[in-house]
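# Chains, contacts and geometry: an overview
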Amino acid sequence: VVGKPLVISTWDTGLAANLGAWKILSKGGRALDAAEAGVMVTEASQNCCVGLGGNPDRDGIVTLDACIMDDKFNCGSVAALERIKHPISVARRVMERTPHVMLVGEGAQQFAVAQGFPLEPQKLSLDAEKAYREWLKTSQYKPVVNIENSGSKKSTGPVGGANNHDTIALLAQDAQGNLSGSCTTSGMGFKMRGRLGDSPLIGSGLFVDNSVGAAAATGQGEDVIRIAGAHTVVEFMRQGLSPKAACKAAIERVAKIKGEKARDIQVCFIAVNTQGVHGAFALQKGFSYAVCDASNQQQLIQSEYLL
Ligand code: SD4
């Protein structure tokens, strides 16, 4: 049984992120602070595909996207941000210290530096360097469905070892019952330069309505954007669906639009409602999400899937 406070996040890397969030939630802290702190753990870890350790774009440059949303419809986002270790914190500064919601590219970096974030060296992690060199042999952009399926974290798909789930999305509910969420990614590996996915887009990668619930996405960003994914999940919850049923309804919408091509992609949603009930649903097998609730039990839950 679930209970406040609560944190859920995508993939097995969510376990460590949840612990980061839990440090704040367990002391009665704000969901917003937990949402930021949780994914910072993932951004800082070099052996995961989020943050500066992630795979580069096809020109060999790591570009990061992130967004954050609180319980009062405040939101902030950065996209195509280079050489900054914690895009989620820059997104939060955009939310709290500018009149805007979203900053991109050079302007986002300029703002980050002005806010005191250090510029990190433009250097690929060892894993990313290796994956990029391998990818250059064919230079084909073809997303690999959810390669966690194979059971090995560093498993390689047909595209030069591209690890496809290079995102963490996290939803937190604090002891007061307030909801917030965060999402951060290096985006799809070997994407076109300038490509943005769903992760920095409020309403696609993340959406929070404190009177209904919160939802977030991972997987093929283009197909999450197509249905304004996270917002759609929240709207289904508003209509009375449970978090899991709402995620499933959104996945069914993607599947219907994609037809036969649905088999080539992965799309996954996680959601939590105001009562602290959580759920998830994926298009394909292999998606897992991490949960930590008031019982302080860490769990990794295998999501149900459609195909
Ligand atoms: C994107 N949704 O950039 C992200 C990628 C992702 O696990 O979630 N990978 O499209």
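What you see as residue numbers is a count from 1 along each chain, following the sequence as written. Under the rules for a predicted model, residues below a pLDDT of 70 receive no local features and side-chain atom pairs below 80 are neither given nor counted, while totals for whole chains, interfaces and linings still include all residues.

Labelled according to an unreviewed UniProt entry, the chain appears under the name N(4)-(Beta-N-acetylglucosaminyl)-L-asparaginase, originating from Hymenobacter volaticus.

### Considerations on the sheet that holds strand β6 (residues 179-185)
Whenever strands of a sheet pair, they do so through backbone hydrogen bonds, lying parallel or antiparallel. Within the open sheet, the eight strands sit side by side as β4-β3-β2-β6-β5-β1-β11-β12. Their pairing is mixed. Each end of this open sheet is capped by a strand with a single partner; those strands are β4 (102-104) and β12 (298-302). On average, each strand axis in the sheet is tilted by 10° relative to the strand beside it, whichever way the strands run. Pairing between two strands is assigned when DSSP locates at least 2 bridges connecting them. Each helix corresponds to a stretch of at least 4 residues labelled H or I by DSSP, and each strand to a stretch of at least 2 residues labelled E; elements are numbered beginning at the N terminus. Relative to β12, strand β11 (residues 288-292) runs antiparallel, the two being bridged by five bridges. When the sheet's bridge partners are listed, Cys-292 is paired in β12 with Gln-298. The strands touched by helix α3 (residues 87-97) are β2 (64-69), β3 (75-81), β4 and β6; relative to β3, the strand with the most contacts, the crossing angle is about 130°. Each axis is a line fitted through C-alpha atoms, taken for helices only over the stretch in contact, and angles between the N-to-C directions span 0 to 180 degrees. The contact criterion used is a C-beta to C-beta distance within 7 Å, with each C-beta placed from the backbone.

### Digging into the nonpolar core
Take the buried Ala, Val, Leu, Ile, Met, Phe, Trp, Tyr and Cys residues, join any whose C-beta atoms are within 7 Å, and the set you get is a nonpolar core. Around each residue's C-beta, the other C-beta atoms within 10 Å are counted; 20 or more make the residue buried, 12 or fewer make it exposed, and counts in between make it partly exposed. All C-beta atoms are placed from the backbone. Within the largest apolar cluster, 88 residues are counted, with the highest numbers of intra-cluster contacts made by Ala-21, Val-233, Phe-269 and Ile-270. Residue contacts for Phe-269: discarding those within four places in its chain leaves Ala-215, Ala-217, Gly-229, Val-233, Cys-247, Ala-250, Ile-251, Ala-280 and Phe-281. By size, the runner-up hydrophobic cluster in this structure holds five residues, among which are Ala-128, Ala-131, Tyr-132 and Phe-190.

### Remarks on the packing of helix α2 (residues 31-44) against α3
α3 packs onto α2 with a crossing angle of 145° between their chain directions and a minimal axis gap of 8 Å. Taken together, the residues of α3 that come into contact with α2 (itself represented by Glu-36, Val-39, Met-40 and Glu-43) are Pro-87, Ile-88, Ser-89 and Arg-92. Side-chain classes follow a simple rule in which Ala, Val, Leu, Ile, Met, Phe, Trp, Tyr, Cys and Pro form the nonpolar group, Asp, Glu, Lys and Arg form the charged group, and the remainder, Gly included, forms the polar group. Residues of the contact of α2 with α3, tallied by class, amount to four nonpolar, one polar and three charged.

### Details of unusual backbone geometry
Its identity is not glycine, yet Phe-73 carries a phi of approximately 65°, on the positive side. By the element assignment, Phe-73 lies in the loop between β2 and β3. Backbone geometry places Arg-83, a non-glycine residue, at a positive phi of 65°. For Arg-83, the position within the fold is in the loop between β3 and α3.

### As for the pairing of β2
The buried fraction of β2 amounts to six of the six residues, a majority that puts the element mostly inside the structure. With burial as the criterion, each face of β2 is covered, one bearing Leu-64, Ala-66 and Ile-68 and the other bearing Asp-65, Cys-67 and Met-69. The pairing of β2 with β3 spans five bridges and is classified as antiparallel. Note on β3: the bridge partner recorded for Ala-66 is Val-78. Counted between consecutive antiparallel strands, the loop separating β2 from β3 contains five residues, among which Phe-73 sits at a positive phi close to 65°. Sheet topology note: the β2/β6 ladder contains five bridges and is antiparallel. Among the inter-strand pairings, Asp-65 is bridged to a residue of β6, identified as Thr-185.

### Structural notes on the pairing of β3
Across the seven residues that make up β3, a large majority, seven, are buried. Here β3 pairs with β4 via three bridges, running parallel. Each bridged residue has a counterpart across the sheet, and for Val-78 the counterpart in β4 is Leu-103. Whether a crossover is right-handed depends on one test, that the path from the first strand over the helix to the second runs clockwise when the strands point away from the viewer. Taking the sense of rotation as the criterion, the β-α-β connection linking β3, α3 and β4 turns out left-handed.

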